[in-house]
Amino acid sequence: MTGRLGLLVAGSVAEGLSARLDPAVPIEDVRLGKFVKIVGQKYEYFCLVTDVQLDSANNDVLRDPPGDPNKIDAFLRQVLSGTTTYALVKLKPELMLANLAADMQFEDADMVPRPARTIPPHFSNVSDATLADFERVFGRDDGKNHFQIGQPIDMDVPVCVDLRRFVERSNGIFGKSGTGKSFLTRLILCGVIKASAAVNLIFDMHSEYGWSAKNEEGTEVKGLSQLFGGRVAVYTLDMESSRGRGVKPAGEIKIALREISVADIALLQDELRLHRTAVESAALCEDKLGDDWVARLLDMNGEELTDFANLEGGNHASLSALRSKLRLIDRLPFVERSLERSTLDQVIAQLERGQHVVLEFGRQRNLLAYILATNVITRRLHELWVKKTERYWNTKDEADRPRPLMITIEEAHKFLNSEAARQTTFGTIARELRKFYVTLLVVDQRPSGIDAEVLSQIGTRITCQLNDERDIDAIFTGVSGGSHLRTVLATLDSREQALVLGHAVPMPMMVRTRKYDPLFYAAIGGDSAEVVLARSRRYEEIFGDE
Amino acid sequence: MSHNGIAHVEPGLTGEVVEASTSEFLAQALELDAAPPFGAFVEVAADDALTVYGVVAHVQTAGIDPGSRAIMRGHGDVRDERIYQENPDLPLVLRTTFRALVVGFTEGQEIHQFLPPRPARLHYSVFTCPPLTVRRFTREGLEFFQALLTASEVPNDELLAANLRYIAAETGEGQAFLERAGRELAQLLRADYARLTAILRRCLAPGETV
């Protein structure tokens, strides 16, 4: 049998299985996280290698090892390896599927991968999984429901995520900085856009998703707007920076002061170093001064402020502190006293039409700007989508069903830490799941900073290398069998490797992430790399490349 | 006529069965001191397609008459080979016998590595197995090691080591065979590491290349 690795010799459902490695299989070829198959009598089991051990049938060997460099000991070592001394592979059975070779009737439920609830008998064959096995478990990249995210560490076969399931819940992409989170995010977004699984709004803090960006080697890589043309619109908060990089944004986003609410201020508590009473004062102002409360508070002189405090029972010191902090917001370049038409409406309309939006922050990449803008926009969108959903519930008309909306945010722990998660729209979205057709794609390097309740609702986790114990713990919040996966996660390379687990994959899988290169552009565009290049040249001819 | 009285005609012919049982047979060598080597494969064919295979486990030269023991014949300068020249009757009163442990048999085409249904027939010819037969027999399996390891009244470990060296040389498989045999032996002697290494060390001369 080709690809045979060994023989199952011991194990339990709870503790995992032990297989004895065949003498012919080099132990160093079996790595943590490897995907293997065990063929039982009724079912095939798909397992991950969680540990590799050296063992011996006789402890005398270990007490008196043939360690001399001479020929005899070398011969002895050769003879003993695989017989008296051998390798044990620890396996965690993840899934079971009907063994089609078995001569029996299966129920339909047995034909799809299910969590392994039993184990194969003694001496079952343990073998490498084949391409067909991968396709049976992870599906095939068909450009619609399944999207290839990478390959297993030691094989060249596609590993796919189920996009329909992916967009059903909020998802997370985690990893230390420099491990390729942005590339993974771009990859996933490409898949979602290509398959039209959801409409995307991307808060692009570092301006790397919309138009081209440089990878770590300094090569230019394409942005979403270059790959998908008119289906992705780039908006910017900093027109000058965008133009400077050769981006042709569809519009510039300005936020009017009246579009800012108390909830937005509450979220900025950290960034503005607000006192605890500030939110109450802000609420009082909004209550008494109406939608224009920020502008009106900012315009008050000392006397007016005192009068207002006295009249409405506010704390003068707190109001005054709030006012000076609000000046920081007022000074943000994209914040305007008033706007004739809300530019946000333009973005929202675009999303409603099913067009994807990348919002670049340009030089406004400080957290104050990022948190404010994302929260203002997301709050509006969330309200709108809730309304849409309620209408759909009433009419039950398929035409009214809102498009699933996926919002990508970076530095997510700023929005979803245990304090903020309770008060912000992001927390609500993360907890509400797909009920209102809005989900998050959370990109973060410190998952431990995210509220545990939110983390437990994260459907699919794609994790690059993490070192901090707390971050690793956070990844496995609400994941059964996490302890087996910890060792796997700990062995990820710092680049281009990730552990995918959760709702969109039938079982956790360690992957080499797919390369984001001309081949990928061609695959995603459905046309060759040359056509993509020609298209971007044509774009430059029409619009110039200022 | 040879010294032991049998015409030496067929190649490989090495002796005649003089005692036979299920698990071993004793043969008298055609010529004095001309027994097959310790650890060699020998075969005895019966008329009915049954061929019994044995491994030479013990070789002995002594007086033909069990009651009479050899006495010293040397004197003065007459020593060693000259004793035989001076006493031409010696080959007639001495004989070389060898004991072979039965390790398997063929019946028809199939090789079996366990004891045959009938022992070898008395007075039938014993042949040294040609290399082809040794190769066929050992390719079939190495279960016969067990018989060599557990036989009584033979130096088992020495016997097995001698047998391994013999097969390695005879089949020309050398190191590859020794490795295969070593693995088989490691399974059999998994509980006795010291014995395993003792046998394996005897298979390989210290300077030998691996």
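All values derive from a computational prediction rather than experimental measurement. (Residues numbered from 1 in each chain as written. Chains lettered and ligands numbered in written order. Predicted model: local features only at pLDDT ≥ 70, side-chain atom pairs only at ≥ 80, totals over all residues.)

1. A closer look at the overall build of chain A
Part 1 of the reasoning: Helices and strands together make up the secondary structure of chain A, namely 22 helices and 23 strands.
Part 2 of the reasoning: In chain A, which comprises 546 residues, the share counted as buried stands at 46%. (Helix = DSSP H or I, 4+ residues; strand = E, 2+ residues; numbered from the N terminus. Buried ≥ 20, exposed ≤ 12 C-beta atoms within 10 Å, placed from the backbone.)

2. Description of the confidence of the model for chain B
All names here are of chain B.
Part 1 of the reasoning: When the pLDDT values of chain B are averaged, the result is 89; 93% of them are 70 or greater.
Part 2 of the reasoning: Counting contacts from residues 206-210, a segment whose pLDDT is below 50, to residues more than four positions away or on other chains yields nine contacts.
Part 3 of the reasoning: Interface predicted TM-score (ipTM) for the complex: 0.79; the corresponding pTM is 0.76. (pLDDT = per-residue confidence, 0-100. Contact = placed C-beta atoms within 7 Å.)

3. Notes on the interface of chain B and chain A
Part 1 of the reasoning: Across the boundary between the two partners, chain B contributes 17 residues, which contact 15 residues of chain A.
Part 2 of the reasoning: Sorting the residues of the side of chain B that touches chain A by element identifies helix H6 (174-188) and helix H7 (193-203) of chain B as the ones contributing at least two each.
Part 3 of the reasoning: For the side of chain B that touches chain A, the residue count by class is eight nonpolar, four polar and five charged. (Nonpolar A, V, L, I, M, F, W, Y, C, P; charged D, E, K, R; others polar.)

4. Side note on helix H13 (residues 343-352) of chain A
All names here are of chain A.
Part 1 of the reasoning: Of the residues making up H13, those classed as buried are Thr343, Leu344, Val347 and Leu351. One side of H13 holds all its buried residues, which, seen down the axis, span an arc of 110 degrees. In this structure, H13 carries Asp345 and Ala349 as exposed residues pointing more than 90 degrees from its buried face.
Part 2 of the reasoning: Buried residues along H13 sit against strand S11 (199-204), strand S14 (232-236), strand S15 (251-252), strand S18 (356-360), helix H14 (367-395) and strand S19 (405-410).
Part 3 of the reasoning: Where H13 ends, the next residue or the one after it, Gly354, has phi of about 95 degrees, a positive value. (Arc of directions from axis to C-beta.)

5. A closer look at the pairing of strand S22 (residues 497-502) of chain A
Residues and elements named next belong to chain A.
Part 1 of the reasoning: Most of S22 is tucked away, with six of its six residues classed as buried.
Part 2 of the reasoning: Relative to strand S23 (residues 509-513), S22 runs antiparallel, the two sharing four bridges. In the strand pairing of S23, Ala498 is matched with Val511.
Part 3 of the reasoning: Taken together, S22 and the strand that follows it, S23, pair antiparallel across an intervening segment of six residues. (Pairing = 2+ DSSP bridges.)

6. Brief notes about the packing of H6(B) against H7(B)
Geometrically, a packed helix pair is captured by the angle between its two axes and the distance between the axes.
All names here are of chain B.
Part 1 of the reasoning: Remark: H6 packs on H7, axes separated minimally by 10 Å, with the N-to-C direction vectors making an angle of 165 degrees. Taken together, H6 and H7 sit at an angle that is classed as roughly antiparallel. When the axes of H6 and H7 are compared, the crossing they make is right-handed. Residue-level contacts link Leu178, Gly182, Leu185 and Ala186 of H6 to Leu196, Ile199, Leu200 and Cys203 of H7. (Axes fitted to C-alpha atoms, helices over the stretch in contact; angles between N-to-C directions. Parallel < 35°, antiparallel > 145°, perpendicular 65-115°, else oblique. Left-handed = near helix turned anticlockwise from the far one by under 90°.)

7. Observations concerning the nonpolar core
Part 1 of the reasoning: Core analysis: the biggest nonpolar cluster contains 151 residues, and Leu405(A), Leu416(A) and Val500(A) have the highest contact counts within it.
Part 2 of the reasoning: For this core, the leading source of residues is H14(A), giving nine residues.
Part 3 of the reasoning: In this structure, Leu416(A) is in contact with Ala421(A), Phe426(A), Gly427(A), Ala430(A), Val442(A), Ile450(A), Asp451(A) and Val454(A), ignoring residues within four places of it in sequence.
Part 4 of the reasoning: Listed in part, the 58 residues of the second largest apolar core include Leu76(A), Ala120(B), Cys129(B) and Leu159(B). (Core = buried A, V, L, I, M, F, W, Y, C linked by C-beta atoms within 7 Å.)

8. Here's the deal with the sheet that holds strand S9 (residues 159-162) of chain A
The pairing of strands in a sheet comes from backbone hydrogen bonds and takes either a parallel or an antiparallel form.
All names here are of chain A.
Part 1 of the reasoning: Taken together, the twelve strands give an open sheet; going across it, the order is S9-S8-S23-S22-S21-S10-S20-S19-S11-S18-S14-S15, and neighbouring strands pair in mixed fashion. With partners counted over all chains shown, the strands left at the sheet margins are S9 and S15, one partner each.
Part 2 of the reasoning: One ladder, built from five bridges, connects S14 with S18; its direction is parallel. Among the inter-strand pairings, Thr236 is bridged to a residue of S18, identified as Glu360.

9. Re helix H17 (residues 425-432) of chain A
Part 1 of the reasoning: Of the positions making up H17(A), those classed as buried are Thr425(A), Phe426(A), Gly427(A), Ile429(A) and Ala430(A).
Part 2 of the reasoning: The elements touched by buried residues of H17(A) are H14, S19, helix H15 (413-416), helix H16 (420-423), strand S20 (438-444) and helix H18 (452-457) of chain A.

10. As for the environment of His503(A)
All names here are of chain A.
Part 1 of the reasoning: Structurally, His503 is set in the loop between S22 and S23.
Part 2 of the reasoning: The class of His503 is partly exposed, set by 18 C-beta atoms lying within 10 Å.
Part 3 of the reasoning: Sequence separation between His503 and Val167 is 336 residues, and the spatial gap between their C-alpha atoms is 9.6 Å.
Part 4 of the reasoning: Residues in contact with His503, not counting those within four places in the same chain, are Arg165, Glu168, Arg169, Gly459 and Thr460.

11. Focus on unusual backbone geometry
Part 1 of the reasoning: Here Ser196(A), not a glycine, exhibits a phi torsion of approximately 50 degrees, which is positive.
Part 2 of the reasoning: Along the chain, Ser196(A) turns up in the loop between helix H5 (181-194) and S11.
Part 3 of the reasoning: A tally of 14 C-beta atoms within 10 Å means that Ser196(A) is categorised as partly exposed.
Part 4 of the reasoning: Of note in the backbone geometry, His123(B) takes a positive phi value of approximately 70 degrees without being a glycine.
Part 5 of the reasoning: You can see His123(B) is positioned in the loop between strand S6 (110-112) and strand S7 (125-128).

12. With respect to the domain arrangement of chain A
Residues and elements named next belong to chain A.
Part 1 of the reasoning: Split by domain assignment, chain A resolves into domain 1 (4-129), domain 2 (160-254 + 339-540) and domain 3 (258-330).
Part 2 of the reasoning: Of note, the centres of domain 1 and domain 2, computed from C-alpha atoms alone, are 39 Å apart.
Part 3 of the reasoning: Between domain 1 and domain 2, the residue contacts involve twelve residues of the former and ten residues of the latter.
Part 4 of the reasoning: Secondary-structure elements contributing two or more residues to the side of domain 1 that touches domain 2 are strand S4 (43-56) and strand S5 (85-98).
Part 5 of the reasoning: The element best represented in the side of domain 1 that touches domain 2 is S4, accounting for four residues.
Part 6 of the reasoning: The residue makeup of the side of domain 1 that touches domain 2, split by class, is six nonpolar, three polar and three charged. (Domains from an automatic or database assignment.)

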